[in-house]
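Fold and geometry: a report
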Amino acid sequence: MVTILVTTSLFFVVRTSVSVAGGDEAAAAYKFKEMPIAMPPGYESQPKKTIREVNPAYEKIRAWISSVGASIAVNDVTGNGLANGMCIVDTRTDSVVVTYTPTARTADRFTPFVLDGKPLPMDDAMAPTGCTPGDFNGDSRNDFLVTYWGRTPVLFLAKSDAKTPSASAYVPREVVASQSLDGKYHGPRWNTDAVYVADLDGSGHPSMIVGNYFPDSDVLDPNGLNNVEMNDSLSSAKNAGGNRVLRWYKGSAGTNPDVSFVEDKDAIPYDNSTGWTLAISGADLTGSGLPDVYIANDFGHGHLLHNRSTPGNIRFTEAKGERTPTTPKSFVLGDGSFKGMGVDFGDVDSNGSFDMMVSNITVAWGLEESNFLWVNQADSPAAAKAKLQDGIAPFKQEAQKNGVAWTGWGWDAKMGDFLNNGQQNILQADGFVKGDIDRWPWLQELAMTNDNLLSNPAMWPHVGPGDDLAGDEVMAFYARTSSGKYANVSKQLGLDVPIPTRGIATADTTGSGALDFAIARQWGPPAFYANQAPKLGNDLTLRLYRPAPDSTAGEGLAATGSPAYGTTVSITTPQGRQIAQLDGGGGHGGFRSFDVRFGLGTYTGPVEAHFTWRDSGGGLHTKTQQLSAGSHTLMLTDDIQEVTSR
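Thresholds, definitions, all that
- Per-chain numbering applies: the sequence of each chain, read as written, is numbered from 1 onward.
- Where totals are concerned, whole chains, interfaces and linings use all residues; where local detail is concerned, this predicted model gives features only for residues with pLDDT of at least 70, and gives and counts side-chain atom pairs only at 80 or more.
- Note that water and hydrogens are dropped before the side-chain values are worked out from all heavy atoms of the structure.
- Pairing between strands is defined by DSSP: at least two bridges between the two strands are required.
- Going along the chain from the N terminus, every DSSP run of H or I of four or more residues is numbered as a helix, and every run of E of two or more is numbered as a strand.
- Inter-axis angles, ranging from 0 to 180 degrees, are taken between N-to-C directions of lines fitted to C-alpha atoms, where helices are fitted over the stretch in contact.
- Here's how the labels work: a residue is buried when its accessible area is under 20% of the maximum for its type, exposed when over 50%, partly exposed in between, all with a 1.4 Å probe on protein chains only.
- Under the pairing criterion, centres of Phe, Tyr and Trp rings, with the six-membered ring standing for Trp, must be within 6.5 Å; the plane angle then separates stacked pairs below 30 degrees from edge-to-face pairs above 60, leaving the rest tilted.
- Distance and angle both matter: a charge sits over a ring if NZ of Lys or CZ of Arg is within 6 Å of the ring centre and within 35 degrees of the ring normal.
- The definition of a polar contact used here is a pair of N or O atoms within 3.5 Å, where within protein one atom must be able to donate a hydrogen and the other to accept one, and adjacent residues in sequence count solely through side-chain atom pairs.
- UniProt positions are given in the numbering used here, feature names are shortened, and annotations may be inferred rather than shown by experiment.
- The term salt bridge refers to a pairing of a side-chain nitrogen on Lys or Arg with a carboxyl oxygen on Asp or Glu at a separation within 4 Å.
- In this text, buried Ala, Val, Leu, Ile, Met, Phe, Trp, Tyr and Cys residues form a nonpolar core when linked through side-chain atoms within 4.5 Å.
- Criterion for a disulfide: a pair of cysteine sulfur atoms within 2.5 Å.
- Per residue, pLDDT measures the predictor's confidence, with a range of 0 to 100.
- We call two residues in contact whenever any of their non-hydrogen atoms come within 4.5 Å of each other.

- Going by what an unreviewed UniProt entry lists, the protein chain is known as ASPIC/UnbV domain-containing protein and is assigned to Streptomyces clavifer.

Pasting the structure below:
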């Protein structure tokens, strides 16, 4: 009797802590409309899979192995200045679809198509897992970086003579040099679940960190070698494919464009580079023009990496949190034993510094860990730099305090101001494997298994077709309540579709100041939600470019310039300070647009904006200038000049 009473009381304590008062009132300010996404001709009639073929050693857990891969991105595909193009990885067909947003202007619409890596070597043991838009060869045209399970990434580079997006408008290029004499793939079998694109070395060009989950092996080959394994721990696994840093080396434009990267193998300390990575993101925490990076690993420690790079030489060192007598071990940044699966940087407390939201498994009566909301404790970039250089991460874990500790089986997380009121919302993908048979008891038994057995797939419980683990969980939409805490108002907004979700992309797709979002579903159709909030505040939206000397701006798919990767902007108004960045692409499976946005609420006066950026040659610059509310297209050289967008 005592045991039952204690257990019941603990349950209500937990559920009460999840429920935040004021959710209905907060939700009333928001409104979203789901709109249909145009797919390639004949696409809907294609057969749709619900599970993958896998290596025979994984057969008993093939639903687990089939639980990731859906991805979505929104950005400016046509070069016309609006982020109204989309790139979608649909696991049901293993296709990489390029299309337009349902809100796109008629002039920006095109026939949706599929990116095909051929004539590069491709085979049935490969599947795409992510699509990141960006200008990788510096010609002002949007390209696509596609990652895979079963091979190294492929870049689809836009041709200079292409007039509209189409399959023939892009040339596939290997990111990692590989030679094939017989037309078959002989490169490493990377199994990538995360990628982060940024100017990592301050050279003025985008490099990337590729986060691999399984070790190089035949994961998706039903006739593959028995060379596969699982994680060697549920709390500190370090036997994964690891993180690869690929530094931009050179690029060329034209009708046969190309780009080259070299691997900086020692860029990340070895002990920080072998985790089971599911998400990567970064932000300039120190004002140096270099992004510091957070790596979210499944089955154990995440890592905050301080950027000490110089042009042509990428180098990171780890910074860890400090523990007090009242701090749980997993709430010390870098020592956590949770299952990190998403990360995003944003100014969550509106004080002009970057904070981090990290997704974990937080399923009641399942594996009830906690999400991480790492709140920046440094009072200035200089103070953050001093801490980071001493190996100290100046962050405090405050998820429960802010109402975002428990969601479910979390994945991608994205922050964005959907009311333009100066406060960040937090969106979170959720759910794992959808089926009819609850397998939580088996998974809980696995959680108590000796770590020495875990790496052997034969020791894992069955997770196959029909089995369910958090399959009915829905995406989260966190909004600030009048108390200052967040409440998950997904149900009130009609976003509670019971299909597991993976990637989230945000963008102002209409240029109206309204932030929309799209979401990738695992074994389900993607979704697009147009922002129809009844009352939006004023906004400051910045489109930031660097000159692209090898292109003719405004022709064909060429934009005004090349995205000014790594630019950070902080603003000051009578309402306080905010900070935002041009995000080159990071997280788990979802990639926001390049726009740098601020919500101003009812404020209509001049905005003091402080810019930190690198020019095309890598030179570091800072400048403060006054801007009016609304949209601005700015060219960043050694100065800032307002220009006309296409």
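Structure's up, so let's keep going.
**Focus: the sheet that holds strand E17 (residues 316-319)**
- Here we have four strands laid out as an open sheet, ordered E14-E15-E16-E17, and antiparallel in their pairing. In this open sheet, the two edge strands, each paired with only one partner strand, are strand E14 (276-283) and E17. Put simply, the sheet's adjacent strands are angled 30° from each other on average, direction ignored.
- When E14 meets strand E15 (residues 292-298), the two strands line up antiparallel, connected through seven bridges. Residue pairing in the sheet places Ala279 in a bridge with Ala296 of E15.

**Details of the environment of Tyr270**
- Here Tyr270 shows up in the loop between strand E13 (258-263) and E14.
- For Tyr270, a relative accessible area of 63% puts it in the exposed group.
- For Tyr270 and Tyr43, which are 227 residues apart along the polypeptide, the C-alpha to C-alpha distance reads 44 Å.

**As for the pairing of strand E4 (residues 95-100)**
- Most of E4 is tucked away, with six of its six residues classed as buried.
- Burial of the side chains of E4 extends over both faces: Ser95, Val97 and Thr99 are buried on one face and Val96, Val98 and Tyr100 on the other.
- In terms of strand pairing, strand E3 (residues 85-90) meets E4 through six bridges, oriented antiparallel. Note on E4: the bridge partner recorded for Val89 is Val96.
- Here E3 folds back onto E4, and the loop between the two strands holds four residues, one of which, Asp94, carries a positive phi near 55°.
- As paired strands, E4 and strand E5 (residues 113-114) are joined by two bridges and run antiparallel to one another.

**Remarks on the pairing of strand E28 (residues 501-507)**
- By the criterion of burial, E28 is predominantly enclosed, with seven of the seven residues buried.
- Where E28 and strand E29 (residues 516-521) come together, five bridges link them in antiparallel fashion. For Thr501, the partnering residue across the bridge sits in E29 and is Arg521.

**A word on the packing of aromatic side chains**
- All told, the structure shown has 27 aromatic pairs when counted by the stated rule.
- Ring centres of Phe338 and Phe372 lie 5.4 Å apart, and the angle between their planes is 15°; this geometry places the pair in the stacked category. Pair noted here: Phe338 is in the loop between E17 and strand E18 (342-346) and Phe372 is in strand E20 (residues 372-376), with a separation of 34 residues, a long-range link.
- Owing to a relative accessible area of 14%, Phe338 belongs among the buried residues under this scheme.
- Owing to a relative accessible area of 5%, Phe372 belongs among the buried residues under this scheme.
- Site record: aromatic cluster; members linked through ring pairs are Tyr30, Phe32, Phe418, Phe477, Phe517 and Tyr529.
- Positioned above the aromatic ring of Tyr148, the side-chain terminus of Arg151 is 5.9 Å from the ring centre.

**Things to note about the environment of Asp438**
- Considering the arrangement of structural elements, one finds Asp438 in strand E24 (residues 437-438).
- Each C-alpha atom of the pair Asp438 and Asp467 lies 6.3 Å from the other, and the pair is 29 residues apart in sequence.
- A distance of 2.9 Å separates a polar side-chain atom of Asp438 from the backbone nitrogen of Trp440.

**Considerations on the UniProt feature "domain: ASPIC/UnbV" (unreviewed entry) in the protein chain**
- The feature "domain: ASPIC/UnbV" (unreviewed entry), as given by UniProt, occupies residues 564-615 in the numbering adopted here.
- A helix fraction of 0% and a strand fraction of 54% characterise residues 564-615, whose end C-alpha atoms lie 8 Å from each other.

**Examining the environment of Leu453**
- Mapped onto the elements, Leu453 comes out in helix H7 (residues 451-454).
- Leu453 sits in the partly exposed class, given a relative accessible area of 39%.
- C-alpha of Leu453 to C-alpha of Asp232: the two residues are 221 residues apart in sequence and 7.6 Å apart in space.

**Concerning the pattern of salt bridges**
- Counted according to the given criterion, the structure contains 23 salt bridges.
- In this structure, Lys320 engages Asp335 in a salt bridge whose closest nitrogen and oxygen atoms are separated by 2.8 Å. Residue Lys320 is located in the loop between E17 and E18, and its partner Asp335 is located in the loop between E17 and E18; the two are separated by 15 residues in the primary sequence.
- Here the salt bridges share partners, and the residues they tie into one network are Lys49, Arg52 and Asp94.

**A few points about the nonpolar core**
- Judged by nonpolar contacts, the single largest core of 61 residues is most densely connected at Tyr58, Trp64, Ile65, Phe214, Trp409 and Phe477.
- Among the secondary structure elements, those contributing two or more residues to this core are helix H2 (23-27), helix H3 (62-65), E14, strand E23 (425-430), helix H6 (440-447), strand E26 (476-480), E29 and strand E30 (527-531).
- Core analysis: the next-biggest nonpolar cluster, separate from the first, contains 38 residues, Trp190, Leu542, Leu544 and Ile640 among them.

**Overview of the state of the cysteines**
- According to the stated counting rule, one finds one disulfide in the structure shown.
- Cys87 shares a disulfide with Cys131; S-S distance 2.0 Å. The sign of the 90° torsion about the S-S bond sets the Cys87-Cys131 disulfide as right-handed. Of this pair, Cys87 sits in strand E3 while Cys131 sits in strand E6 (residues 127-134), and the two are 44 residues apart along the sequence.

**Considering the side chain of Asp412**
- Locating Asp412 in the fold gives a position in strand E22 (residues 410-416).
- By relative accessible area, which is 0% here, Asp412 ends up buried.
- In this structure the side chain of Asp412 is engaged in a polar contact, spanning 3.1 Å, whose partner is the side chain of Lys414.

**Structural notes on the sheet that holds strand E11 (residues 207-212)**
- The four strands are arranged E10-E11-E12-E13 in an open sheet whose pairing can be described as antiparallel. Either end of the sheet is taken by a strand with one partner, and the two such strands are strand E10 (192-198) and E13. If you compare each strand with its neighbour and ignore which way they point, the axes differ by 30° on average.
- Sheet analysis places E11 next to strand E12 (residues 242-252), joined by five bridges and oriented antiparallel. Its bridge partner lying in E12, Val210 is registered against Arg244.

**Overview of the confidence of the model for the protein chain**
- Looking at the protein chain, the pLDDT average stands at 95 and 96% of residues meet or exceed 70.
- Confidence over residues 1-17 falls short of pLDDT 50; this stretch has six contacts with residues more than four positions distant or in other chains.

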